[in-house]
Amino acid sequence: MTTLNNKNVTVVNHPLCEHNLSVIRDKNINSDGFKNSMKRLATILVLEATRNLPLKEFTVQTPITTCKTNKISDEYKIIFAPILRAGLAISDVASEIIPDASIQHVGMYRDEQTLEPVWYYDKTPVKYNDPEHIKVFILDPMLATGNSAHAAVSLFLKKGILIENLVFISILSAPNGIELLTKDFPYLKIITAKIDEALNSRGYIVPGLGDAGDRLFNTFEK
Ligand code: URA
């Protein structure tokens, strides 16, 4: 499948991803264990997704001497856009790592019949000033059908964000979601910890981990 080999799709290969994925897949893990492993995975993925942020050199006075050092350049505004509600698991971690980033929530739920996203919240501004100098990281732990992801990417493109400045971060992905995004947005960077086997008829990732939102917020009926 060529789209899965798209060079803009990164499956982060790390023993700690494997370890924490095995924790969150387990239906018997408690909510605390689930959240902690989600946070650990989110940390690894956010670090990978921000690997190429531009730096700016400046001089700092240490207690000993002065030296040249680097900070994240302010040439770009950084936005984390969690897709509610499960995306909050990633944005909580992302805003710890980059506290000055803007968190712009987008809310969609999935129509259970059609599996199409239904918008209910959009905290993006009507218009961005200077959208070419904005980097947007869209956050959703589960890239399943790809329909919500597609709607979120389309929203930011419509507002003038450049595709090369957009990154989609998911913890677990299905081939369907990856294919939809890479077909329509071949230059979109996707960072994920694993591409699972398939989707079931209800749009859940298989083997997956169930409903990420329910498991994060303990609204899961066992
Ligand atoms: N959303 C989830 O939370 N889980 C899935 O398996 C698919 C979409």
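Cut-offs applied
- Residues numbered from 1 in each chain as written.
- Predicted model: local features only at pLDDT ≥ 70, side-chain atom pairs only at ≥ 80, totals over all residues.
- Heavy atoms only, no water.
- Near = heavy atom within 4 Å.
- Polar contact = N/O pair within 3.5 Å; in protein donor to acceptor, adjacent residues only side chain to side chain.
- Areas by Shrake-Rupley, 256 points an atom, 1.4 Å probe, with all protein chains shown as cover.
- 1 Å grid on protein atoms, 1.4 Å probe; cavity = no way out; pocket = protein on both sides within 12 Å on 5 of 7 lines; lining within 4 Å.
- Sits in = over half its atoms within 2 Å of the grid points.
- Buried < 20%, exposed > 50% of the residue type's maximum accessible area, 1.4 Å probe, protein only.
- Helix = DSSP H or I, 4+ residues; strand = E, 2+ residues; numbered from the N terminus.
- Pairing = 2+ DSSP bridges.
- Core = buried A, V, L, I, M, F, W, Y, C linked by side-chain atoms within 4.5 Å.
- Contact = heavy atoms within 4.5 Å.
- Axes fitted to C-alpha atoms, helices over the stretch in contact; angles between N-to-C directions.
- Parallel < 35°, antiparallel > 145°, perpendicular 65-115°, else oblique.
- Left-handed = near helix turned anticlockwise from the far one by under 90°.
- Nonpolar A, V, L, I, M, F, W, Y, C, P; charged D, E, K, R; others polar.
- Phe/Tyr/Trp six-rings, centres within 6.5 Å; stacked < 30°, edge-to-face > 60°.
- Lys NZ or Arg CZ within 6 Å of the ring centre and 35° of its normal.

Now for the site of the ligand. Neighbouring residues of the ligand: Arg-110, Met-142, Ala-144, Gly-203, Tyr-204, Ile-205, Gly-210, Asp-211 and Ala-212. At 2.8 Å from an oxygen atom of the ligand is found a main-chain nitrogen or oxygen belonging to Ala-212. About the coverage of the ligand: the protein hides 88% of its 230 Å² of free accessible area. Of all the cavities here, the one that holds the ligand is the largest pocket.

Along any regular strand, the residues point their side chains to alternate faces of the sheet. With 6 of 6 residues buried, strand S8 (residues 134-139) is to be regarded as a mostly interior element. Here S8 shows two buried faces, one formed by Ile-134, Val-136 and Ile-138 and the other by Lys-135, Phe-137 and Leu-139. Note: S8 against strand S10 (residues 166-173), 4 bridges, orientation parallel. Residue Leu-139 lies in a different strand from S10, and its bridge partner there is Ile-169.

Attention now moves to the nonpolar core. Ranked by size, the top nonpolar core spans 37 residues in total, and within it Ile-24, Phe-80, Phe-137, Ile-169 and Ile-171 carry the most contacts. Secondary-structure elements contributing two or more residues to this core are helix H1 (15-25), helix H2 (31-49), strand S4 (77-84), helix H3 (88-97), S8, S10, strand S11 (189-195) and helix H6 (212-217). Tallying contributions element by element places H2 first for this core, with 8 residues. Residue contacts for Ile-171: discarding those within four places in its chain leaves Leu-21, Ile-24, Met-38, Leu-41, Ala-42, Leu-45, Ile-90, Asp-140, Pro-141, Thr-192, Ala-193 and Lys-194.

Running from N to C, helix H4 (residues 147-158) and helix H5 (residues 175-184) point in directions that differ by 30°, and their axes come no closer than 9 Å. Here H4 lies roughly parallel to H5, going by the angle between them. Between H4 and H5 lies a crossing whose hand is right-handed. Two secondary-structure elements touch here, H4 through Asn-147, Ala-149 and His-150 and H5 through Leu-180, Leu-181 and Asp-184. When its residues are assigned to classes, the contact of H4 with H5 shows 3 nonpolar, 2 polar and 1 charged.

Once that is clear, we can look at the packing of aromatic side chains. What the rule picks out here adds up to 2 aromatic pairs. Plain terms: the ring middles of Phe-80 and Phe-137 are 5.4 Å apart, the flat faces sit at 40° to each other, and that makes the pair tilted. With a gap of 57 residues between them, Phe-80 in strand S4 and Phe-137 in strand S8 connect regions that are remote in the sequence. Note on accessibility: Phe-80 and Phe-137 belong to one class, buried. Here the basic side chain of Lys-71 rests over the ring of Phe-58, its NZ or CZ set 4.6 Å away from the ring centre.

By themselves these figures say nothing about function.
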